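Fold and contact review
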Amino acid sequence: MPSRSVRRRKHKEVQRLQELPKQHKPHVAALVLAGWQIEARRRGRFLHTLPVWALAADPHTQAVAAALDATGELQRDLNRVCADTVAQNASSQLLATPRPTGDRPRYQRSRR
């Protein structure tokens, strides 16, 4: 669990984002999404898929997304960024096989 000062800092950040004027929120949301994209790519390269999806599932990240965009579009964009990052870092073996390896023996037996 994060320390009390980290929790307070994150809470104050969400409050500041909620108090932004409505015309500034799209610009800040674009900057925040760009930062999340950089973080997702970093996590994907060094830590693999679970930490990438943890970024989208983080309560603080969800609170920031809700503070900047009440429609939920920013959260959907973050989910898309995470999915793109996972797809980019997927093994070429996963992309090359048309069927799961567990289905191959059964598929080959049924063709005989």
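Our subject is the structure that appears above.
In what follows, the accompanying structure is described. Fair warning: this is a prediction, and the values are worked out from it, not measured in the lab.

Quick look at the side chain of Thr61
- With respect to the helices and strands, the residue Thr61 is situated in helix α4 (residues 59–68).
- For Thr61, a relative accessible area of 4% puts it in the buried group.
- Residues within four places of Thr61 in sequence aside, it is in contact with Trp36, Leu55, Gln75 and Leu78.

Here's the deal with helix α2 (residues 25–46)
- A rise of 1.5 Å per residue sets the reference length of α2, with its 22 residues, at 32 Å; its end C-alpha atoms lie 31 Å apart and thus fit the reference within 8%.
- Those residues of α2 that sit buried are Lys25, Ala29, Val32, Leu33, Trp36, Ala40, Arg43 and Gly44. Angular distribution of buried residues about the axis of α2 spans 110°; they occupy a single face of the element. Exposed positions of α2 whose direction lies more than 90 degrees from the buried face are His27, Leu31, Ile38, Arg45 and Phe46.
- One or two residues past the end of α2 sits His48, with phi positive at roughly 80°.

Looking at the nonpolar core
- Formed by 18 residues in total, the largest nonpolar core has its most connected members in Trp36, Val64, Leu68, Leu74 and Leu78.
- Those elements that provide at least two residues to this core are α1 (4–18), α2, α3 (49–57), α4 and α5 (73–88).
- Per element, the largest residue contribution to this core is five residues, and it comes from α2.
- In this view, Leu78 contacts Leu33, Trp36, Leu55, Ala56 and Thr61; residues no more than four positions away in its chain are not counted.

Looking at the pattern of salt bridges
- For the structure on display, the rule yields three salt bridges.
- Between Glu39 and Arg43 there is a salt bridge, and its shortest N-O distance comes to 2.8 Å. With a gap of four residues between them, Glu39 and Arg43 both fall in helix α2, about one helical turn apart.
- Assessed through its relative accessible area of 22%, Glu39 is described here as partly exposed.
- Salt bridges sharing common partners tie together Glu39, Arg42 and Arg43.

Brief notes about α4
- Where α4 is concerned, the buried positions are His60, Thr61, Val64, Ala65, Ala67 and Leu68. Here the buried residues of α4 occupy an arc of 165° about the axis, which is enough to place them on one side.
- At its buried positions, α4 is contacted by α1, α2, α3 and α5.

Quick word on the packing of α2 against α4
- For the pair α2 and α4, interaxial distance at closest approach is 10 Å and the crossing angle is 155°. What the angle tells us is that α2 and α4 run roughly antiparallel. The crossing of α2 and α4 is left-handed. Across from Lys25, Val28, Ala29, Val32 and Trp36 in α2, the residues of α4 making contact are Thr61, Val64, Ala65, Ala67 and Leu68.
- For the contact of α2 with α4, a count of residues per class yields eight nonpolar, one polar and one charged.

Thresholds applied
- Residues numbered from 1 in each chain as written.
- Predicted model: local features only at pLDDT ≥ 70, side-chain atom pairs only at ≥ 80, totals over all residues.
- Heavy atoms only, no water.
- Helix = DSSP H or I, 4+ residues; strand = E, 2+ residues; numbered from the N terminus.
- Buried < 20%, exposed > 50% of the residue type's maximum accessible area, 1.4 Å probe, protein only.
- Contact = heavy atoms within 4.5 Å.
- Expected span 1.5 Å × (residues − 1).
- Arc of directions from axis to C-beta.
- Core = buried A, V, L, I, M, F, W, Y, C linked by side-chain atoms within 4.5 Å.
- Salt bridge = Lys/Arg side-chain N within 4 Å of Asp/Glu carboxyl O.
- Axes fitted to C-alpha atoms, helices over the stretch in contact; angles between N-to-C directions.
- Parallel < 35°, antiparallel > 145°, perpendicular 65-115°, else oblique.
- Left-handed = near helix turned anticlockwise from the far one by under 90°.
- Nonpolar A, V, L, I, M, F, W, Y, C, P; charged D, E, K, R; others polar.

These figures capture arrangement, not role.
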